[in-house]
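Architecture at a glance
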Amino acid sequence: PVPAKSADLKLFWQGKEVGTAGSIRPFDRTGYGITAILALDASGSMRGAPINAIHSTISRFVNQARSQDKVEVITFADDTRYDVPFTAPRSALSQELDTVQARGKFTRLYDGLLDALNQFNSGQPPRRQLVVISDGHDEGSQHALADVILKAKSMSVVIDSIGLNRDNGKFLVTLQQLSDETGGTYRHAENADDL
């Protein structure tokens, strides 16, 4: 990437230059917050090594949040659970995160992601991000992939996804599509080190 200089950034109105940027700051230095939801696949297919890899990662994700950030952790399988709601005190986060276990028979991925999107509201910082860790296989959802993409776009939510799997990964294309179509990033992880 080519680093931008503030003099390179100009504001135009009705075809005329009306201003030039005085400085450029990374987002983390602006003081603005972010609203982030971490959606974890807790279905039976994640039992064992995948859920253990997630455990070693989610604490880091949540603990990196600054005071102006809002963070929530949800899990989805047969149902959606709000394991660490936005209102949870930071001191209780690690205890709550330790209770996340694989459960159920189904992976209602699309329903879980729509439930997560419904957690965003106007009282939160407007920069919104949804991070999903899953093998990408949906089973039993009442909704479709297109429903999730449409809702995320309408709310200006970026979906970053991490494909975590032990098999040939034939469903990971779903996660990649989610990220591609919402302006997010997709990564593949095979273990905790990759996460």
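This write-up is about the structure you can find in this document. Treat the numbers as computed from the prediction; the structure is a model and nothing was measured. (Residues numbered from 1 in each chain as written. Predicted model: local features only at pLDDT ≥ 70, side-chain atom pairs only at ≥ 80, totals over all residues. Heavy atoms only, no water.)

Quick word on helix H5 (residues 172-182)
Looking only at H5, the buried set comprises Leu172, Thr174, Leu175, Leu178, Ser179 and Thr182. Take H5 and look down its axis: the buried residues cluster within an arc of 160°, on one side only. Within H5, the exposed residues directed more than 90 degrees away from the buried face are Val173 and Asp180. Each element contacted by the buried residues of H5 is listed here: helix H3 (109-117), strand E6 (128-134), helix H4 (145-154), strand E7 (157-164) and strand E8 (186-189). (Buried < 20%, exposed > 50% of the residue type's maximum accessible area, 1.4 Å probe, protein only. Helix = DSSP H or I, 4+ residues; strand = E, 2+ residues; numbered from the N terminus. Arc of directions from axis to C-beta. Contact = heavy atoms within 4.5 Å.)

As for the environment of Val100
Along the chain, Val100 turns up in the loop between helix H2 (93-98) and H3. Separated by 25 residues in the primary sequence, Val100 and Thr75 place their C-alpha atoms 7.8 Å from one another.

Considerations on the pairing of E7
In terms of burial, E7 is a largely internal element, seven of the eight residues being buried. Handedness of the crossover is the feature at issue here: the chain leaves E6, passes through H4, returns alongside E7, and the resulting connection is right-handed. Bridge count for E7 against E8 is four bridges, and the pairing is parallel. Note that in E8 the partner of Ser161 across the bridge is Tyr186. (Right-handed = clockwise from strand over helix to strand, strands pointing away. Pairing = 2+ DSSP bridges.)

Points about H4
The complete set of buried residues in H4 reads Leu145, Val148, Ile149 and Ala152. Down the axis, H4 shows its buried residues gathered within 95° of arc, on one side only. Along H4, exposed side chains directed more than 90 degrees from the buried face belong to Ala146, Leu150 and Ser154. On its buried side, H4 packs onto H3, E7 and H5. Residue Ser156 follows H4 closely and has a positive phi angle near 55°.

With respect to the packing of H4 against H5
Between two packed helices, both the angle of their axes relative to each other and the distance between the axes serve to describe the pair. Orientation of H4 relative to H5, taken along the N-to-C sense of each, is 25°, at an axis distance of 10 Å. Classed by the angle they form, the pair H4 and H5 counts as roughly parallel. Remark: the crossing between H4 and H5 carries right-handed chirality. Of the residues in H5, those touching H4 at Leu145, Val148, Ile149, Ala152 and Lys153 are Thr174, Gln177, Leu178, Glu181 and Thr182. Here the contact of H4 with H5 is built from residues that sort into five nonpolar, three polar and two charged. (Axes fitted to C-alpha atoms, helices over the stretch in contact; angles between N-to-C directions. Parallel < 35°, antiparallel > 145°, perpendicular 65-115°, else oblique. Left-handed = near helix turned anticlockwise from the far one by under 90°. Nonpolar A, V, L, I, M, F, W, Y, C, P; charged D, E, K, R; others polar.)

Remember that the coordinates give geometry; whether it matters functionally is a separate question.
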